[in-house]
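These are the residues of each chain, in order.
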Amino acid sequence: MLDRFDPDVDPTFPPVDPRRLAAALGAVLPPDRLILTTEGMRPYEADALAAYRSLPGAVALPADASEVRAVLRVCRELGVPLVPRGAGTGLSGGALPYPGGVLMSFGKLSRILAIDPVTRTARVQPGVRNLAISEAAQPHGLFYAPDPSSQLACSIGGNVAENAGGVHCLKYGLTVHNILALQVETITGETLHIGSEALDAPGFDLMALMTGSEGLLGVVTEITVRLTPIPAEIRTLLAAFPSTRSAAQAVADIIAGGVTPAGLEMMDGLALRAAEAYAHAGYPLDAEAILICECDGEGADADDETARVAEICRAAGAVQIHQAKDEGERARLWAGRKGAFPAMGRYAPDYYCIDGTIPRRCLPDVLTGIGDLARAHGLAVANVFHAGDGNLHPLILYDAGKPGELATAETLGGAILELCVSVGGTITGEHGVGREKLNQMCVQFTAAELAAFAAIKAAFDPAGLLNPGKNIPSLPRCAEFGGLHVHRGQVMPHADLPRF
Ligand SMILES: Cc1cc2nc3c(=O)[nH]c(=O)nc-3n(C[C@H](O)[C@H](O)[C@H](O)COP(=O)(O)OP(=O)(O)OC[C@H]3O[C@@H](n4cnc5c(N)ncnc54)[C@H](O)[C@@H]3O)c2cc1C
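Position numbers for residues start from 1 in each chain and track the written sequence from start to end. Since the coordinates come from a predicted model, pLDDT governs what is reported: local features require at least 70, and pairs of side-chain atoms require 80 or more to be given and counted, while whole-chain, interface and lining totals use all residues. Only hydrogens and water are set aside when side-chain values are computed; all heavy atoms of the structure are taken into account.

Draft legend 1. Spotlight on the domain arrangement of the protein. The domain limits used here are those given by an automatic or database domain assignment. Here the domain parsing of the protein yields domain 1 (18-105), domain 2 (112-229), domain 3 (233-342) and domain 4 (447-500). The distance between the C-alpha centroids of domain 1 and domain 2 comes to 23 Å. Between domain 1 and domain 2 the total buried area reaches about 1,100 Å² when both faces are included, carbon and sulfur atoms providing 64% of it. Salt bridges are defined by distance alone: a side-chain nitrogen of Lys or Arg within 4 Å of a carboxyl oxygen of Asp or Glu. Joining domain 1 to domain 2, the criterion identifies one salt bridge. Glu185 is paired through a salt bridge with Arg69; the nearest N and O atoms lie 2.9 Å apart. Two N or O atoms form a polar contact when they lie within 3.5 Å of each other; inside protein one atom must be a possible hydrogen donor and the other a possible acceptor, and for residues adjacent in sequence the pair counts only when both atoms belong to side chains. At the junction of domain 1 and domain 2, the tally comes to three residue pairs in polar contact (both at pLDDT 80 or more). Elements represented by at least two residues in the side of domain 1 that touches domain 2 include exactly helix 3 (65-78) and strand 3 (82-85). A 1.4 Å probe defines the accessible area here, and the buried area is the portion of it lost by two parts on being joined, summed over both. Under the scheme used here, helices are H or I runs from DSSP no shorter than 4 residues and strands are E runs no shorter than 2 residues, and both carry numbers assigned from the N terminus.

Here is the structure:
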């Protein structure tokens, strides 16, 4: 599908004469910070959900907050939609351009402005890469904890807009728990300074509102993040189980037992065998599920926690428990986990990655339910996920070359998300709603709740110019959408990055 712009869900704005738009933008940006040719704009026509594409009318590359404000003013005065874009690694079509609108990219706002080891904070521009913050903080013995597996490439502005997660968010929290202050430019022309280094602030929690707002409420131009001391010791444990149910039970028991490991990941039999063949991580091929658990802290603390996790896993039925002996073995265990997504190519030419979250106590039943749904739809599903967070990533394996299989995969994906909602879970853990999950928003929320979202949107953006057609379904009915479709590795941008 080349263009998923759908007038049923996209508000339609009167087209603006492209020459008028170019002239207005040219008056506020130098030529090297404005892209107007079709060829030049091609790289911006999709994010990592490459099934959806559309061309903007212009790409703006502001280099400071005053240029951001100027571009927003142009959009406001001409009534042109604007879509913010970080690194374009989003998996839900959040940075998909509005056809003929302005795409604002933050590639030139990529400076780390200050690192303060005393207050353990960093002040950064939105285009700074996630990993670059930890690299800059490392000499001070600090790191930025939220670690999406796209962290080599994704921007901190995109992380804020998606409330990004990662392996170590179980212990250290999501993006929202690791940012202290934001500078935001609104489409109505105000500069907002949200949050502070103080522990609490009066008034509505605009920081929480802005985090995860997917570019619908304002443009983030500066972020103050919290830095965390690098742990002295790290222990990594692999536990093998005879069934997914017993592994899932161990996850629920670990959390219920009051242990919060730094990371707790699970792979089912299908996933671990593919990953082993791909990465030679040393996984036990006869297991039906494995857990990879990382415990960190001071030496004794990390050891105590690891021993407790091992004991709980054994009680839940683990048939093998192995602790990585050195950094090399630890890296191999993680390499298998990181290689699990591309390894799926051994089983099927295509996979569709679902992203739902459930209460952890429901893991055993929901994994069984996913297996039942997979059988009923006649497609295999591999499970590789952030088990400690209850954040599932079922990978539906299919062949787009076989008539009807893509549609079946999409139907199955929708059924899995509805299963998550039915046990009190959510339709996304970290990939966001974007364009992809508009229809599932109708499953998750009532009309009154969606109306509250729309009212908040209107308070910040009365004309609805910021990232229209995303996140909040604009009609009572939700159209059916596709998802992350990877065909023989061809359509997936950032194929070089590990997938969690
Ligand atoms: C291989 C791979 C692995 C991934 N693993 C993870 C993972 O482990 N955890 C996870 O959470 N995600 C993961 N993702 C998804 C993605 O990397 C995250 O959603 C990330 O936060 C997006 O950042 P970005 O800079 O690429 O943003 P983009 O994709 O460019 O944009 C994402 C959204 O943010 C908005 N936006 C961007 N910048 C701003 C700004 N300055 N102000 C306002 N709005 C803005 C956009 O409009 C859009 O709605 C993965 C993606 C890939 C390709």
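Draft legend 2. Representation of the pairing of strand 4 (residues 102-105) within the structure. Relative accessibility under 20% of the residue-type maximum defines a buried residue, over 50% an exposed one, and the middle range a partly exposed one, all with a 1.4 Å probe and only protein chains included. Where burial is concerned, the two faces of strand 4 agree: the one with Val102 and Met104 and the one with Leu103 and Ser105 are both buried. Judged from the three bridges that link them, strand 2 (residues 58-60) and strand 4 form a sheet pairing that is parallel. Of the residues in strand 4, the one forming a bridge with Ala60 is Met104. Paired strands, in this sense, are two strands between which DSSP finds at least two bridges. One ladder, built from four bridges, connects strand 3 with strand 4; its direction is parallel. Note that in strand 4 the partner of Pro84 across the bridge is Met104.

Draft legend 3. A look at the sheet that holds strand 5 (residues 112-116). Overall, antiparallel pairing links the five strands, which are arranged 5-6-10-8-9 in an open sheet. Strand pairing shows two members of the sheet lacking a second neighbour, strand 5 and strand 9 (191-195), which therefore form its edges. Taking the axes of each pair of neighbouring strands and ignoring which way they run, one obtains an average angle of 10° across the sheet. Bridge count between strand 6 (residues 121-124) and strand 10 (residues 219-226): four bridges; the pairing is antiparallel. Looking at the pairing, Ala122 lines up with Val225 of strand 10. Contacts: residue pairs with any heavy atoms within 4.5 Å of one another. Angles shown run from 0 to 180 degrees and are taken between the N-to-C directions of axes, each axis being a line fitted to C-alpha atoms and, for helices, limited to the stretch in contact. Helix 3 rests against strand 8 (179-185), strand 9 and strand 10 of the sheet, and its axis sits at about 45° to strand 8.

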